[in-house]
Amino acid sequence: MSNQVKKMYIDGQWVESVSGESFPVINPANGEIIARVTKGTREDARLAISAARRAFDESGWADTPARTRAELLNKAADLIEQRADEFAEVDTRNNGKPLRESAYDVQDAVNQLRYYAGLCTKPQGQTYDVPDEIQAFVVREPIGVVGAITCWNYPLVMNVQKVAPALAAGNTLVLKPADLTPLSTIMLFECLEAAGFPAGVANLVTGPGHVVGDEISRHEWVDKVAFTGGTETGIAIMKNAADTVKKLSLELGGKSPNIVFADADFETAVDYALFAIFANQGEVCSAGSRLLLEAAIYDRFLVRLVDRAQKIVVGDGFHPDTEMGPLISEAHMNRVLSYIQGGIEEGARLLCGGKRLLRDGLDKGYFVEPTIFEADSSDLRIVQEEIFGPVLVVQKFHTEAEAIRLANGTKYGLAGAVFTNDGAKAQRVIRKLRAGITWINTYHPTFNEAPWGGYKQSGIGRELGTYGYEAYTEVKQININLQVKPSGWFRH
Ligand code: NAD
C-alpha cells in the first residue's frame, strides 16, 4: 500500500480535506488496509457544490453542444477501457467480488458512457399543433447541479450510471461514493480529468454519508439528488431534499420474488434460482432473495438446489476458481449472520450454510456460506427484510393466486421473475407483479438501454435507458407568437 492519501477532486484540483483527515479502505477478503482516502467534511462538500454551481451558472458548460459533451464521454470511456484490467483488479481488491464479475462491471461502465454519449446527440423534444397562431414546442434542459450518492456493491458501475447521463445532459455534478469502496471512483475521476471535462463540472468528495452525503442532500444549490442505497437512508435523503424541493431519484432496497411453477424447465429454474441470490455474494439490490416454489416440485427442487448451493466455491475474488467472494465488511457480515441467527430463532428451517467460513485463511476476511432457509410464514423478518447477502428464503405455494399474493407481500417492489413453460401464465403473473424490473424464464440480465428502478419502497424514478437520461433534464415549453400584435384582453 502506498502511504499517500488518495485525494478528492474539486474544481479541477486534487485536494485533501480542509480537516486534513483520512480514513482506511479495507480488502474484505483479508481485512488488510489497501489505501487511505481523504475524509471529506461538510466544508469540503460545500466547496465542491460551489464549484459545480459556478461551473453550471458561469462557465458555459450547460451550453456546450451535445456533440462536444459526447466526445468527452467517449474519451472517458476509451480511457477506462485502456485501464480495464486495473479497474477490475481494484474493484475486486476493494469490494471482494470475483474478478470475472469486476471485469464485466468495467465493460458495463464503458458501455454506459458510450450509450449516453450517443443518446445526447439524438433528436429530442416535441412540437404541438395548437391554436391562436402559436408555434409551441418543448425542449429538454439540464437540471443544474446534481448531487450523486452511491453504494458499494458495484463500485464503478454505480457511479458511472449517474455520472454518464448527468454530464451527457449538461448538468454539473458532485459525487460522493460509498466510503467502503471509493478507489475505482477516484480512478474514474482521473479519466474524466484526462478526457478534458472543464474544472468544476465533475467533482468528487469522499467521506462519510451522514456528513458529506447529508450536506449534499440538504444544500440549496443542489438541484437534484440521485441516490442509490438503503431504503432508510433514502427516506432521510428525501426529507432533507424536501426543504428546497430538489428533484430526486432513489434506487433503494429490494426483497425480490422468484416464482417457479411445476411446469418450468427444471434445471434452468434451479440454475437461475442460484444465480438470482448468490451472484455478487447476494449483495445485489435486485437479488432473487425469495424463492416461491409450486408444491408439486417443491421437495425435488430443494434437494437439487441445496446440493448445488453447497458446491459453490467461496474464496478470494482473485482466485480463478472463486464463484463467490467475501461480504463487504465485518459489520455487514455480522449483520447478515445475525439475520441468519434470527431466522433460526423465528422457526425457519435452515437447509444449508448459515455459518461464517473460517477455513484456509478465510477467517481473515468476511466470508459467509451460501445459505438457504425454508419458511412457512411470511411474517418472519428473513422473509420481509432485505438481508443483502447470500441468504435465500424458500416458500411453498399451491395456486397462481397464492404465488402472486406471496410475491407482492413485502414493502419492496424492485424486481421479480417467473419460471414456467406456459406462456400465457407467465405473462399473467408478470403483469401482476408490483415490481419495476422483471424476467420470464431468466433472472438478472439487465441492459443499459432499459429503465432500472422500483415500485413501492424500492425507489422513485428510473435510471438507465432514455428514462434515465430524462431524469437528468428539466422540460421547458416554448410558445412563439407568429402574429405579433397586442392581445386585446383588457379594454383600456
Ligand atoms: P446506505 O444507504 O447505507 O449507503 C448508501 C450511500 O449513502 C453511501 O454512500 C453512504 O455513505 C450514504 N449515506 C449514508 N447515510 C447517509 C445520510 N444520512 N445522508 C446521506 N447519505 C448517506 O446503503 P448501503 O448499505 O451502502 O447499500 C446497500 C443498499 O443499497 C441496499 O439496500 C441495496 O438494496 C441498495 N441498492 C439499491 C440499488 C438499486 O438500484 N435499487 C442498487 C444497489 C444497492
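Each remark here, short or long, concerns the structure printed above.
Residues numbered from 1 in each chain as written. Predicted model: local features only at pLDDT ≥ 70, side-chain atom pairs only at ≥ 80, totals over all residues. Heavy atoms only, no water.

1. Description of unusual backbone geometry
Even without glycine at this site, phenylalanine 388 takes up a positive phi of about 60°. Notably, histidine 444 is not glycine yet its phi reads approximately 90°, a positive angle.

2. Description of the packing of aromatic side chains
Two aromatic rings, taken as a pair, are described by how far apart their centres are and by the angle between their planes. Counted by the stated rule, this structure contains 11 aromatic pairs. Relative to tryptophan 14, the ring of tyrosine 9 has its centre 4.8 Å away and its plane inclined at 45°; by these criteria the two rings are tilted. You can call tyrosine 9 buried: its relative accessible area is 5%. According to the relative accessible area criterion, tryptophan 14 is partly exposed, its value standing at 27%. With 6.4 Å between their ring centres and 15° between their planes, tyrosine 116 and tyrosine 469 make a pair best called stacked. Taken as a pair, tyrosine 116 in helix H4 (residues 99-119) and tyrosine 469 in helix H15 (residues 465-470) lie far apart in primary sequence, 353 residues in all. We classify tyrosine 116 as buried; its relative accessible area is 0%. Judged by its relative accessible area of 5%, tyrosine 469 is buried. A network of ring pairs unites the aromatic residues Tyr9, Trp14 and Phe189 as a single cluster. (Phe/Tyr/Trp six-rings, centres within 6.5 Å; stacked < 30°, edge-to-face > 60°. Buried < 20%, exposed > 50% of the residue type's maximum accessible area, 1.4 Å probe, protein only. Helix = DSSP H or I, 4+ residues; strand = E, 2+ residues; numbered from the N terminus.)

3. Examining the pattern of salt bridges
One pass over the structure, following the stated rule, counts 30 salt bridges. Two residues, arginine 46 and glutamate 215, come together in a salt bridge whose shortest N-O distance is 3.2 Å. A residue pair is termed long-range when its members are at least 10 positions apart, and arginine 46 in helix H1 (residues 42-58) and glutamate 215 in helix H7 (residues 209-218) qualify at 169 residues. Salt-bridge contacts for aspartate 179 lead to lysine 176; the nearest nitrogen and oxygen are separated by 3.8 Å. For lysine 176, a relative accessible area of 2% puts it in the buried group. Three or more residues joined by partner-sharing salt bridges are found here, namely Arg42, Glu43, Arg46, Asp214, Glu215 and Arg218. (Salt bridge = Lys/Arg side-chain N within 4 Å of Asp/Glu carboxyl O.)

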